Amino acid sequence: LAPTERRLYVNLAFSLGALKRDEEARRMLSQALTPGEVWSNLALIYMTRGEKKEARRAYREALKLNPRLDQAREALARLDRGEVPEPKAEPKVEE
C-alpha cells in the first residue's frame, strides 16, 4: 500500500475505535500495518478511551509480536509506573 492508503486505513480504524467498534478497527489496521503495529495502535485506541487495562494488554501483545516497537515499550513502561501516556493525535506506524 502507498503511505497515503495506509493512513486512510489507520484513520478509519481510529474512527471505528472511538465508536467502540474494535473488531472492525482491528480489521482496518490489519489492512495497512504489521501485526505488532496493529496491537500497538489498538492500545492507543484504548488509551484514548481511558481503558488502561486493555491498553496494557494490547501493548504487551504488540511487544510479543515485535519487541522492537519502541513506542509501545515506552508507553507500556509509563503505564506500569502509573503514569498515563498522552495519546498522540497521530496513529503509530513504525517504519
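Structure: see above.
Residues numbered from 1 in each chain as written. Predicted model: local features only at pLDDT ≥ 70, side-chain atom pairs only at ≥ 80, totals over all residues. Heavy atoms only, no water.

Remarks on the overall build of the protein chain
Move 1: Helix and strand counts for the protein chain stand at five helices and zero strands.
Move 2: Expressed as a percentage of its 95 residues, the buried residues of the protein chain come to 35%.
Move 3: Contacts in the protein chain between residues far apart in sequence, at least 24 positions, make up 48% of those at least 6 positions apart.
Move 4: With the model as given, the accessible surface of the protein chain reaches about 5700 Å², and the carbon-plus-sulfur share is 51%. (Helix = DSSP H or I, 4+ residues; strand = E, 2+ residues; numbered from the N terminus. Buried < 20%, exposed > 50% of the residue type's maximum accessible area, 1.4 Å probe, protein only. Contact = heavy atoms within 4.5 Å. Areas by Shrake-Rupley, 256 points an atom, 1.4 Å probe, with all protein chains shown as cover.)

Re the packing of helix 4 (residues 52-65) against helix 5 (residues 70-80)
Move 1: Across the interface, helix 4 lies against helix 5 with an axial gap of 9 Å and an inter-helix angle of 140°. Here the hand of the crossing between helix 4 and helix 5 comes out left-handed. Across the interface between the two elements, Lys 52, Ala 55, Arg 56, Tyr 59, Arg 60, Ala 62 and Leu 63 from helix 4 touch Ala 72, Arg 73, Ala 75, Leu 76, Leu 79 and Asp 80 from helix 5.
Move 2: In terms of residue class, the contact of helix 4 with helix 5 is made up of eight nonpolar, no polar and five charged. (Axes fitted to C-alpha atoms, helices over the stretch in contact; angles between N-to-C directions. Left-handed = near helix turned anticlockwise from the far one by under 90°. Nonpolar A, V, L, I, M, F, W, Y, C, P; charged D, E, K, R; others polar.)

Side note on the environment of Lys 52
Move 1: Within the element layout of this structure, Lys 52 appears in helix 4.
Move 2: Not counting residues up to four positions away in its chain, the partners in contact with Lys 52 are Met 47, Leu 79 and Val 84.

Considering the pattern of salt bridges
Move 1: What the rule picks out here adds up to eleven salt bridges.
Move 2: As a salt-bridge pair, Arg 26 and Glu 23 come within 2.4 Å of each other at their nearest N and O atoms. With Arg 26 and Glu 23 both in helix 2 (residues 22-32) and three residues apart, this pair spans about one turn of that helix.
Move 3: Between Arg 73 and Asp 70 there is a salt bridge, with its nearest N and O atoms 2.8 Å apart. Of this pair, Arg 73 and Asp 70 both sit in helix 5, three residues apart, which is roughly one turn of that helix.
Move 4: Within this structure, Lys 20, Asp 22, Arg 49 and Glu 51 form a network of salt bridges that share partners. (Salt bridge = Lys/Arg side-chain N within 4 Å of Asp/Glu carboxyl O.)

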